[in-house]
Every structure is written in structure tokens, then in C-alpha cells.
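The primary structure of each chain is shown beneath.
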Amino acid sequence: TTPSTTSSSGINAEYGGKKRFYVMCNEHHRSTYIDREPNESSNDRNDRAIRVATAWYEGHLKNLGVGVVLLTNDRDNRDKAIKAGLKAYQVVEYVKSLKGCANLVDHLSHEGGAKDTTPAAGDRKMMYEEHVSLYQIKQGIKSNRYYQGKFEASRENYLEGYVSCHAFDKQVIIRGLKHLNRAVHEDVVAVEIFPKSQWVGSSSTVQLDDNVVAEDDDLNQMPATAESAYIRPTGRVVGIIKRNWRNYCGVLLPTSNTDNVRHIFVPSEKRIPRIRIETRQAATLMSHRIVVSIDCWPRSSRYPLGHFVRDIGPLGDRETEEEVLFRLLKQVDTECSV
């Protein structure tokens, strides 16, 4: 009844591959079903239903000596549960309280969606422009101000990407991190087209994101462009219509300070940006291939934020490298079949 914020593979790993959960259909149980009250929002009604189900379970299991805990990242829901005499915690504080499960914290996703919840986020400047709303995108597409298409990041240049739009015979070129505006390979995006006087051709150089950069680096940097007759429509990403994020294989960026919790993950796929994660296992994972998932990309962060999913195995190990290769080939096959 509450959204999961941990990866199932991480939980299974902590418990030896065994799934230890049950699903209760509280909406179809006469003791836990509730009607929506006048002037009560559907979200508030659902939260109240969760609290009622928790209270029922607590009484149902009392004679067995089994305690019931409500996990929710909704502060209002948690406060009301505590006021009603229930044990309620945020997911992160509950996981941190578990004994013998210190590594499980690494599997928690970042809260807040697109909002920046990192320390001192309020003191940091916004690096990217805010995405327009889906309603604005819909109206903009109707008026031909915006165009919808699938974003493809360049393999050769991290400062460049392309969007396939039905309105144009050629792909729209997006140049510079500021104009890419947090789009990730395979996202469905909305783009605004520049005047023809600003249209350019593809980049003439190979430029990979190999350097460690600071959060306040200039996002206005543009890729070098050769004189070319192959000019294409050029524009910028103004909004995200659909995220197509998935799990990614890769390695942690080498660092001498393995005691640090925050690290940068480098995906094996050149089209995927680096990802910031938190892990307490850096000393071990630094020499391993791992899987990471993206959670959000705040405007104040140079890179998207994600969390550790699982450890594939040591670098150079045959089974490890075979799995990474299989994942990459599987993704290429998926792209070719679309």
C-alpha cells in the first residue's frame, strides 16, 4: 500500500535470495475498507486506508507477538499514524535502524523526484532551466511551438544529442549541456526549434566526458563544429514527456578516499551520463562491475542522482564481463528492433 523505495534485488540479496513479503488486499476486506469522506482528497483517503489497515494488522497479530510498522515517506501520513498510536517511520530511518543490514541503505532511492534533496541544495545555484509542464508541452505542440520526439545521445560527443521529430526530415540537433537540459538517452522529450540562422551541422570531434568536473562548471560549453553543408534543424530540450530510465552497468570513478559515501558512477554505455550515488561499500565496489539505477535529476546537479542496485562481480572476471557484454548487446538489439 506504500510505494517501494528499495530495489527488490537488494532486498533479496540481504535475505539470501528469499522474498519475505505478503500482499494484503485491504480494499476488498470488510474490516479495512473505508469510504471517502466529504471534502477528502483521494490521496488523503488512501493514506487513511493505509493507517486503518495497519491498525487492523496490529490487532490481528497482537497475540502472536508480531509487531507492525508503517513505512511511509509522506510526512503528514506518518505524523497522523504516530498520533493514532501506530509505529511509523520514514523508509530511510527504519532501514538505518536495522541491525546487520548496513549495506541495505545503499539500495534506497533518492526521495523527492526531481527536487534536489542533497545537503545544502538550497544554497546551490540552479544549473539547468526548469522543465515546462506537460500541460504547457501539450499546448505548445498544438501551436507548433514545441515538437515531440525521442532523444538519442551521441556516442562520440557528450555535449551533443539528436531528437527524431515527425515534422522534420532530419533529426534535430541539440548542442551543449544547457540545451540538452537533463535529457537521457531514449527519453521522449519536447524541443523548441531555433531560427534557421542558428541551425548547425553535427560535431566534428570526439569529445567524451572523461574529466572530473565541479558542479559549478560552465554548462554553456559547445562542441566544435566543422564547416558543413549538412545543416540540420537545431534546438533545445524544454521538457520531458516520458522518462525511459533503466538499470545501467558500469564502474565507480576511481578515488583515493573510499571512506567517502558519495561517488560518481561511470556507465559502460557512452550515451548515458555519469550518475552520482551513495554507497558505503566503495572499498569493495571500486574494483567491481556494478548495476546502478537513476532516481532523479535535480536542476542543481551536474549529473543525475541514483542508487546502487547490485554487484555483478570483480573486474576482469569472465562471468562478470560476459554479463556486462550480454546486457549491452541486449540493449543494442532492443534499439535496433524499435
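What counts, and where the lines are drawn
- Residues numbered from 1 in each chain as written.
- Predicted model: local features only at pLDDT ≥ 70, side-chain atom pairs only at ≥ 80, totals over all residues.
- Heavy atoms only, no water.
- Helix = DSSP H or I, 4+ residues; strand = E, 2+ residues; numbered from the N terminus.
- Buried < 20%, exposed > 50% of the residue type's maximum accessible area, 1.4 Å probe, protein only.
- Contact = heavy atoms within 4.5 Å.
- Areas by Shrake-Rupley, 256 points an atom, 1.4 Å probe, with all protein chains shown as cover.
- Phe/Tyr/Trp six-rings, centres within 6.5 Å; stacked < 30°, edge-to-face > 60°.
- Salt bridge = Lys/Arg side-chain N within 4 Å of Asp/Glu carboxyl O.
- pLDDT = per-residue confidence, 0-100.
- Pairing = 2+ DSSP bridges.
- Axes fitted to C-alpha atoms, helices over the stretch in contact; angles between N-to-C directions.
- Expected span 1.5 Å × (residues − 1).
- Polar contact = N/O pair within 3.5 Å; in protein donor to acceptor, adjacent residues only side chain to side chain.

Draft legend 1. Representation of the overall build of the protein. When helices and strands are counted, the protein shows eight helices and twelve strands. The buried share of the protein, reckoned over its 338 residues, is 42%. Considering only residue pairs separated by 6 or more positions, the protein has 63% of its internal contacts joining residues 24 or more positions apart. Accessible area for the protein stands at about 19600 Å²; split by element, carbon and sulfur atoms hold 50% of it.

Draft legend 2. Region of interest: the packing of aromatic side chains. Applying the stated criterion across every chain, the model contains four aromatic pairs. Here the aromatic rings of Trp-56 and Tyr-57 are separated by 5.4 Å at their centres, their planes lie at 75 degrees, and the arrangement is edge-to-face. Their ring planes at 65 degrees and their centres at 5.1 Å tell us that Tyr-147 and Phe-168 sit as a pair that is edge-to-face. Taken together, the residues Tyr-147 in strand β3 (residues 146–153) and Phe-168 in the loop between β4 (160–164) and β5 (172–175) connect sequence positions 21 residues apart. Judged by its relative accessible area of 18%, Phe-168 is buried.

Draft legend 3. Structural context of the pattern of salt bridges. Evaluated as defined, the whole model comprises 19 salt bridges. Between Glu-93 and Arg-78 there is a salt bridge, with the nearest N and O atoms lying 3.3 Å from each other. Here Glu-93, found in helix α4 (residues 91–97), pairs with Arg-78, found in helix α3 (residues 75–83); they are 15 residues apart in sequence, far enough to count as distant. Under the relative-accessibility criterion, Glu-93 is labelled partly exposed at 35%. The class of Arg-78 is buried, set by a relative accessible area of 15%. Here Asp-187 and Arg-243 are joined by a salt bridge, their closest N and O atoms 2.5 Å apart. With Asp-187 in the loop between α6 (177–180) and β6 (188–193) and Arg-243 in the loop between β7 (234–242) and β8 (247–252), the pair connects residues that are 56 residues apart, well separated along the chain. Among the residues examined, Asp-187 registers a relative accessible area of 0% and is labelled buried. You can call Arg-243 partly exposed: its relative accessible area is 27%. Linked through salt bridges whose partners overlap, the residues forming this network are Glu-129, Arg-145, Glu-192 and Arg-236.

Draft legend 4. Examining the confidence of the model for the protein more closely. On average, residues of the protein score 85 in pLDDT, and 82% of them are at 70 or above. Across residues 1–11, confidence stays below pLDDT 50; counting only partners more than four residues off in sequence or on other chains, it has 22 contacts.

Draft legend 5. Region of interest: the sheet that holds β6. Taking strand neighbours around the barrel as the criterion, the five strands line up as β3-β4-β5-β7-β6 in a closed arrangement whose pairing is mixed. Between one strand and the next, the sheet's axes are offset by a mean angle of 50 degrees, whatever the strand orientation. Across the sheet, helix α5 (residues 134–142) is in contact with β3, β6 and β7; its angle to β7 comes to roughly 130 degrees.

Draft legend 6. Highlighting helix α2 (residues 42–60). Taking 1.5 Å per residue as the helical rise, α2 with its 19 residues ought to reach 27 Å, and the 27 Å between its terminal C-alpha atoms agrees with that figure. Of the positions making up α2, those classed as buried are Arg-45, Asp-47, Arg-48, Ala-49, Ile-50, Arg-51, Ala-53 and Thr-54. Summarising the contacts, the buried residues of α2 are in contact with β1 (69–71) and α3.

Draft legend 7. Spatial organisation of the side chain of Arg-45. The topology assignment puts Arg-45 in helix α2. For Arg-45, a relative accessible area of 9% puts it in the buried group. A polar contact of 2.7 Å, which involves the side chain of Arg-45, links it to the side chain of Glu-27. Those residues in contact with Arg-45 that lie beyond four places of it in its chain are Glu-27, Tyr-33, Ile-34, Asp-35, Arg-36 and Glu-40.

Draft legend 8. Broad picture of the environment of Ala-84. Turning to its location among the elements, Ala-84 is positioned in the loop between α3 and β2 (87–89). Distance in space between the C-alpha atoms of Ala-84 and Arg-51 is 8.6 Å, their sequence separation being 33 residues.

Draft legend 9. Looking closely at the side chain of His-263. Mapping His-263 onto the fold places it in strand β9 (residues 262–267). Under the relative-accessibility criterion, His-263 is labelled buried at 4%. Here the side chain of His-263 touches Asn-260 through a polar contact of 2.4 Å, landing on its backbone oxygen. Setting aside residues no more than four positions away along its own chain, His-263 makes contact with Leu-252, Thr-255, Asn-257, Thr-258, Ile-275, Arg-276, Ile-277, Thr-279, Ala-282 and Met-286.

Draft legend 10. Quick look at the pairing of strand β11 (residues 288–296). In terms of burial, β11 is largely enclosed, as eight of its nine residues are buried. With four bridges joining them, β8 and β11 adopt antiparallel strand pairing. Residue Tyr-248 lies in a different strand from β11, and its bridge partner there is Val-292. Taken together, the eight bridges between β11 and strand β12 (residues 305–314) define a ladder with antiparallel strand orientation. In the strand pairing of β12, Arg-289 is matched with Gly-313.

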